[in-house]
Amino acid sequence: MILEKIEQIKEELEKIKISKKEDVENLRLKYISKKGEINKLFADFKKVSPDKKKVVGKAINDLKTFTVNKFDELSKHFEDKGSDEIKNDLTRPGEPLTLGTRHPLAIVRNEIIEIFSRLGFSVNEGPEIEDDWHVFSALNFPPEHPARDMQDTFFIERDPDILLRTHTSSVQTRVMENNAPPIRSIFPGRVFRNEAISARAHCIFHQIEGLYVDKNVSFADLKQTLLYFSQELFGKDTKIRLRPSYFPFTEPSAEMDVSCTICGGTGCPICKGTGWLEILGCGMVDPNVFKSCKIDSKEYTGFAFGMGVERIAMLKYGITDIRKFYENDTRFLNQFQSAW
Ligand code: DAH
């Protein structure tokens, strides 16, 4: 009896017509699910007389293998067919491409470069690993100047002559050594200082240096250039003020403040109630620097300035912790959209 039943199921399975995916599932339900035909056979198997158990057992197991193989084959066939159909469907929407956004520091750097390029400034870059001459000596730093101190400068190995540049003013030296005036150029780049990392300071940051050398360049040219730059970057109502300062490579030297980008000059916590924010150092190129670079200071004068990109980005976007720029947290980075 049971052997006939097995034979009958096998015949059914051989003849079965499967034309769609649901038929495959129906096959599974009818034959190999818990309540399917094959499990019924296993239940009936208990009643089989001991002398026939060997033959019947083998027949049921063979039927089971046959059915499972058939099911696997059919499901694979319909799955492949399904994905082929999807692949060939030309009306299907395309895979979404997620675009990254520019880093806020790159946005600000590019915007600054763009503003100065409108004034005819070109862009130059110099090496991050520098020598003492280009970073300090040629820029009129006296041998005992604190900026050369081990505290501030990262030296390469123990050679005090090879170091990571502490400012992009080093590119001034290189450009003046290699080019005859007129020179009108800006130098963006990374700089390194041996400083403790905090919300306000980092040991790696970015600067943009500017240099203009020609006949008859005056302090008035410097002031007008920086006013134009500040109003382009922070808005037409921005005011600037220059405070006397000291840098070895400029004489006279100044620090420039812009009217507070948050309160507009009335006083707020960001500008500590003063209405002003310091954003750069500047001055007229010191004749000693011209001398180091073999430019005749009787024929030429020039101005230079240097600013921190992080500081400007923080003011522009209201960011209060410099470390945010380097954490690569996309929730932070995706907030900055720009044409640059
Ligand atoms: N190199 C200075 C710094 O890192 C910034 C600076 C000040 C650059 C005055 C200049 C300048 O070109 O004239 O703090």
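Residues numbered from 1 in each chain as written. Predicted model: local features only at pLDDT ≥ 70, side-chain atom pairs only at ≥ 80, totals over all residues. Heavy atoms only, no water.

Draft legend 1. How the structure looks around the overall build of the protein. Assigned secondary structure in the protein consists of 11 helices and nine strands. Whereas a compact globule of 340 residues would reach a radius of gyration of roughly 20 Å, the protein reaches 38 Å, over 25% beyond that. In terms of overall dimensions, the protein has a C-alpha envelope of 120 × 50 × 40 Å along the principal axes. Expressed as a percentage of its 340 residues, the buried residues of the protein come to 40%. Sequence-distant contacts in the protein: of pairs separated by 6 or more residues, those separated by 24 or more amount to 67%. Averaging the positions of the 49 positive and the 51 negative side-chain charges in the protein gives two centres separated by 9 Å. (Helix = DSSP H or I, 4+ residues; strand = E, 2+ residues; numbered from the N terminus. Rg over C-alpha atoms; globule rule 2.2 N^0.38 Å. Buried < 20%, exposed > 50% of the residue type's maximum accessible area, 1.4 Å probe, protein only. Contact = heavy atoms within 4.5 Å. Lys, Arg positive; Asp, Glu negative; His and termini not counted. Charge placed at Lys NZ, Arg CZ, Asp CG, Glu CD.)

Draft legend 2. Region of interest: the pairing of strand S5 (residues 204-214). The element S5 is largely enclosed, with a buried count of eight among its 11 residues. In this structure, strand S4 (residues 183-192) lies alongside S5, joined through 10 bridges in antiparallel fashion. Paired with Ile186 across the two strands is Gly210, which belongs to S5. Note that S5 and strand S9 (residues 301-308) share eight bridges and pair antiparallel. Bridging across to S9, Glu209 finds its partner in Gly306. (Pairing = 2+ DSSP bridges.)

Draft legend 3. Just the packing of aromatic side chains, in detail. Inspection of every chain in the model, using the stated rule, returns 13 aromatic pairs. With a centroid separation of 6.1 Å and an interplanar angle of 70°, the aromatic rings of Phe325 and Phe332 are classed as edge-to-face. Of the two residues, Phe325 and Phe332, both sit in the buried class. Sitting over the face of the ring of Phe66, Lys10 holds its NZ or CZ atom 5.3 Å from the ring centroid. The ring centre of Phe45 lies 5.3 Å from the NZ or CZ of Lys53, which sits over that ring. (Phe/Tyr/Trp six-rings, centres within 6.5 Å; stacked < 30°, edge-to-face > 60°. Lys NZ or Arg CZ within 6 Å of the ring centre and 35° of its normal.)

Draft legend 4. Local environment of the nonpolar core. If you look at the biggest cluster of nonpolar residues, it comprises 43 residues, and the most contacted ones within it are Ile112, Phe229, Ile279, Leu280, Phe305 and Met307. Elements with a contribution of two residues or more to this core: helix H5 (104-118), S5, helix H8 (219-234), strand S7 (250-259), strand S8 (276-285), S9, helix H10 (309-317) and helix H11 (330-333). Broken down by element, this core gets its largest block of residues, seven residues, from H5. Setting aside chain neighbours within four positions, we find Ile112 in contact with Ile186, Ile208, Phe229, Leu233, Met307 and Ile312. The next biggest cluster of nonpolar side chains, apart from the first, holds 20 residues, and it includes Ile183, Phe187, Val289 and Phe290. (Core = buried A, V, L, I, M, F, W, Y, C linked by side-chain atoms within 4.5 Å.)

Draft legend 5. Structural context of the packing of H5 against H10. In the contact formed by H5 and H10, the axes pass within 9 Å of each other and the chain directions differ by 100°. Regarding the angle of H5 to H10, the classification is roughly perpendicular. Side by side, H5 and H10 meet where Pro104, Leu105, Ile107, Val108, Arg109, Glu111 and Ile112 of the first sit next to Val309, Glu310, Ile312, Ala313, Lys316 and Tyr317 of the second. Looking at the contact of H5 with H10, its residues break down into nine nonpolar, no polar and four charged. (Axes fitted to C-alpha atoms, helices over the stretch in contact; angles between N-to-C directions. Parallel < 35°, antiparallel > 145°, perpendicular 65-115°, else oblique. Nonpolar A, V, L, I, M, F, W, Y, C, P; charged D, E, K, R; others polar.)

Draft legend 6. Examining the domain arrangement of the protein more closely. Along its sequence, the protein is organised into domain 1 (2-87) and domain 2 (104-333). A straight line from the C-alpha centre of domain 1 to that of domain 2 covers 79 Å. (Domains from an automatic or database assignment.)

Draft legend 7. Representation of the pairing of S8 in the model. The element S8 is largely enclosed, with a buried count of eight among its 10 residues. Sheet topology places S7 next to S8; eight bridges connect them, and they run antiparallel. Bridging across to S8, Met256 finds its partner in Leu280.

Draft legend 8. Representation of unusual backbone geometry in the model. Along the chain, Pro181 connects to Pro182 via a cis peptide bond; the corresponding omega equals 5°. Take Pro182: it is sitting in the loop between helix H7 (169-178) and S4. Following Glu251, the chain continues to Pro252 via a peptide bond in cis, the omega torsion being -5°. Secondary-structure assignment places Pro252 in strand S7. In the Ramachandran plot, Asn216 falls in the positive-phi region, its phi being about 65° despite a non-glycine side chain. Relative to the helices and strands, Asn216 resides in the loop between S5 and H8. With a phi close to 60°, Lys294 is a non-glycine residue in the positive phi region. Tracing the backbone through its elements, the reader meets Lys294 in the loop between helix H9 (287-292) and S9.

Draft legend 9. The layout of surface pockets, seen in detail. Approximately 1,400 Å³ is the volume attributed to the largest pocket. Taken together, 50 residues make up the lining of the largest pocket; nearest its centre are Phe205, Glu278, Ile279, Gly308 and Arg311. At the level of elements, H7, S5, strand S6 (240-247), S7, S8, S9 and H10 are the ones that each hand at least two residues to the lining of the largest pocket. If you tally residues by element for the lining of the largest pocket, the top one is S8, at seven residues. (1 Å grid on protein atoms, 1.4 Å probe; cavity = no way out; pocket = protein on both sides within 12 Å on 5 of 7 lines; lining within 4 Å. Points joined across faces, edges and corners; volume = space filled by probe spheres on them.)

Draft legend 10. Inspection of the site of the ligand at higher detail. Close to the ligand lie 15 residues, the nearest being His167, Ser169, Arg193, Gln207 and Glu209. Within the side chain of Arg193, a nitrogen or oxygen atom sits 2.9 Å from an oxygen atom of the ligand. In this structure, Ala304 approaches the ligand through a main-chain N or O atom, which is 3.2 Å from an oxygen atom. More than half of the atoms belonging to the ligand lie within 2 Å of the grid points that define the largest pocket. Among the elements of the structure, H7, S5, S8 and S9 are those that each provide at least two residues to the shell around the ligand. Residues belonging to the shell around the ligand are distributed by class as follows: five nonpolar, eight polar and two charged. (Near = heavy atom within 4 Å. Polar contact = N/O pair within 3.5 Å; in protein donor to acceptor, adjacent residues only side chain to side chain. Sits in = over half its atoms within 2 Å of the grid points.)

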